[in-house]
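Each chain, letter by letter, is given below.
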Amino acid sequence: MILNFFADLFKPVILKNRENVEIIKIKIEENFQNFLKKLIEQKEELFEKIDGIQKENEKFLDFENKILNLNKSLEKCQDCLKKSDVNELSALALDFKEIKENVKSVSTEFSDLKSQPLKIIGEYEKPEDKHLNYFGNLIITESEPVQPNESKNKKNNLKENQQLLKSENDKTQMFGTLRIKLKRLVEQNDFKLIPKKPFEEHEISIQPKFIKRNSKNIFIGDQDGNLIVIELSKKFTIKSQIRLNVENIRDIAVSKNLIALSFVDLNQDQVEKLSRVYRNFDFRSGIFIYKISDFSFDKLISSSKSYKLSSPNGIGINENHLFICEKESHSLIKIDFKKLSLNNQLVTEGEPTSLDLGEKYLAYVDSQTMEINVVDLDKLSRLRCLKISQEFLNQSYDLVIRDKFYIAVKNRDDIRCVVYDFKLNIKYSFDYENCNSQGICNFQSNGNHYFLLGKKEIDKFKIGFFNDN
């Protein structure tokens, strides 16, 4: 009786399941075939783009052949004129007409090719499963020669082209994508990398890895918490030199009254060491805040319910807000400094690692997507961005912003400092006497604007003052 009951109860369900299994298998097979069809379409599209790039590059060789043919035609006409052959001269008028048309064609092609980048195929990125990209990416190195006397319109067109390239590459595809790797000749060749001598230079006792400023002082710090404070006056004056109890510093930021230091990846020994200085300290990453007046500890900012600080890199601070490049969260965070609550958050595609604040804008560098970004300080909305050289992919950058005038960017381990105007067109580049520069800041004194760069030599550290124009 009981067996019959269970048989009557489960038999319809089991039969129905059997039917459902067959239906589901068919649907899975259909979805797989559709997926396979899309993969094949993406592959063919990718191959078509690669072939198209090569065809574009072939135009340079075709142009060279046209120039050679035009030169031969001119030499032939020159020979006819020397011989003064009547029969040859009668046909010369037709030759000149043809040459005139060829010159016009060559001139037009030259104008097009002059602004057309040469795309170099050859670098291949292996796939990463976390990006749902099973076949990797082909990276195209695109060199953009910019003429020294290039017009403003051409620069705007170049920038528009960069934005178009970027928007195309934002599409993540399963089969793979064409990523444009911009290696701008303007940074490496056309703009001469000028070794500059500072108009004033001083030796200091610590490595100038971080250089920040407020309206009264310049703050120079190393990764171990050593800090030098320089007074902004007509003479170079070290106001104070102290050591703050912070380990693994990633960035320093200052406001009128406070100094902030971000730290990451503390090991257990470092945590225990700091717990003897700061009560109830048990954090791997976070931000220390100190008062500038006496460098006394003010507060510690760490993860909360509304935001996560697992890898705070670049930071900026003003009177009301703290801005953080949160590398692992792929976001730019704006925290209300008084309430310690999340005010706004800009989610990014890569890994923001360094930033600097202006009055109304901030600039940050994304070391994964290799972009400079300009952001509205109030709304935390991105206004414009520019791809930069990928020679130093995933490395640390320093940058400074002067609202509506310029953004200066430098890799922490490279000699170059590249200065862009506020629309992100390159103005010039220079280096601090062929030596790996350290930190950088800009400041105003007596109505003039300056850069201050740090320098590491074999056995000494220096800072140099430069005009910012």
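Everything below is about the structure shown above.
Residues numbered from 1 in each chain as written. Predicted model: local features only at pLDDT ≥ 70, side-chain atom pairs only at ≥ 80, totals over all residues. Heavy atoms only, no water.

## A look at the overall build of the protein chain
Across its full length, the protein chain holds 5 helices and 28 strands. Across the protein chain, contacts joining residues at least 24 apart in sequence account for 49% of those joining residues at least 6 apart. Accessible surface computed for the protein chain: about 26,500 Å², of which carbon and sulfur atoms make up 50%. (Helix = DSSP H or I, 4+ residues; strand = E, 2+ residues; numbered from the N terminus. Contact = heavy atoms within 4.5 Å. Areas by Shrake-Rupley, 256 points an atom, 1.4 Å probe, with all protein chains shown as cover.)

## Some thoughts on a nonpolar patch on the surface
Residues F32, F35, L36 and I40 make up a contiguous nonpolar surface patch of about 320 Å² in total accessible area. Residue I40 is classed as partly exposed on the basis of its relative accessible area of 44%. (Patch = residues over 30% accessible without salt bridge, like charges linked within 9 Å, V, L, I, M, F, W, Y side chains within 5 Å. Salt bridge = Lys/Arg side-chain N within 4 Å of Asp/Glu carboxyl O. Buried < 20%, exposed > 50% of the residue type's maximum accessible area, 1.4 Å probe, protein only.)

## What about the layout of surface pockets?
Roughly 830 Å³ of internal volume is contained in the second largest pocket. Forming the walls of the second largest pocket are 32 residues, and the residues nearest its centre are R213, N214, L357, G358 and E359. Listing elements by their share of the lining of the second largest pocket, those giving two or more residues are β6 (210–213), β10 (249–254), β14 (312–317), β18 (352–357), β22 (397–402), β26 (437–445) and β27 (448–456). Here the lining of the second largest pocket is composed, by residue class, of 14 nonpolar, 9 polar and 9 charged. (1 Å grid on protein atoms, 1.4 Å probe; cavity = no way out; pocket = protein on both sides within 12 Å on 5 of 7 lines; lining within 4 Å. Points joined across faces, edges and corners; volume = space filled by probe spheres on them. Nonpolar A, V, L, I, M, F, W, Y, C, P; charged D, E, K, R; others polar.)

## Focus on the sheet that holds strand β20 (residues 371–376)
Read across the sheet, 4 strands follow the order β18-β19-β20-β21 without closing on themselves; strand pairing throughout is antiparallel. Only two strands of the sheet have a single partner each, and these edge strands are β18 and β21 (382–387). Strand-to-strand, the axes of this sheet are offset by a mean angle of 20 degrees, without reference to chain direction. With 5 bridges joining them, β20 and β21 adopt antiparallel strand pairing. Residue I372 lies in a different strand from β21, and its bridge partner there is L386. (Pairing = 2+ DSSP bridges. Axes fitted to C-alpha atoms, helices over the stretch in contact; angles between N-to-C directions.)

## Topic: the environment of L300
With respect to the element layout, L300 can be found in strand β13 (residues 297–301). We classify L300 as partly exposed; its relative accessible area is 21%. Separated by 40 residues in the primary sequence, L300 and A260 place their C-alpha atoms 9.4 Å from one another. If near-sequence neighbours (up to four positions away) are discounted, L300 is found in contact with F263, F281, F283, I287 and F288.

## Some thoughts on the environment of F337
If you trace the backbone, F337 turns up in the loop between β16 (331–336) and β17 (341–347). By relative accessible area, which is 7% here, F337 ends up buried. Considered as a pair, F337 and N318 are 19 residues apart in the sequence and their alpha carbons are 8.8 Å apart. Not counting the four nearest positions on each side in its chain, F337 is found in contact with L258, I289, K299, I301, I317, N320, H321 and L322.

## A few points about the pairing of strand β24 (residues 416–421)
A regular strand places its side chains so that they alternate between the two faces of the sheet. Of all 6 residues that make up β24, 5 are buried, and the element is covered over most of its length. Pairing of strand β23 (residues 406–411) with β24 involves 5 bridges; the strand directions are antiparallel. In the sheet register, Y406 faces β24, and the bridge partner there is D421. Relative to strand β25 (residues 426–432), β24 runs antiparallel, the two sharing 5 bridges.

## What about the packing of aromatic side chains?
All told, the structure shown has 20 aromatic pairs when counted by the stated rule. The interplanar angle of 65 degrees and the centroid separation of 5.2 Å between the aromatic rings of Y361 and F422 together place this pair among those described as edge-to-face. Placement of the pair is Y361 in strand β19 (residues 361–366) and F422 in the loop between β24 and β25, with a sequence separation of 61 residues. For the residue pair Y361 and F422, the accessibility class agrees, reading buried in each case. Ring-pair connections join several aromatic residues into one group, and the members of that group are F263, Y278, F281, F283, F288, Y290 and F297. Of note, R402 hangs over the ring of F405, and the distance from its end group to the ring centre comes to 3.9 Å. (Phe/Tyr/Trp six-rings, centres within 6.5 Å; stacked < 30°, edge-to-face > 60°. Lys NZ or Arg CZ within 6 Å of the ring centre and 35° of its normal.)

## A few points about the sheet that holds strand β11 (residues 258–263)
The strand order across the open sheet built from 4 strands is β10-β11-β12-β13, with neighbouring strands paired in antiparallel fashion. The strands lining the two open edges of the sheet, one partner per strand, are β10 and β13. If you compare each strand with its neighbour and ignore which way they point, the axes differ by 20 degrees on average. One ladder, built from 6 bridges, connects β11 with strand β12 (residues 286–291); its direction is antiparallel. Its bridge partner lying in β12, I259 is registered against Y290.

Without other data, these values stay purely geometric and don't point to any function.
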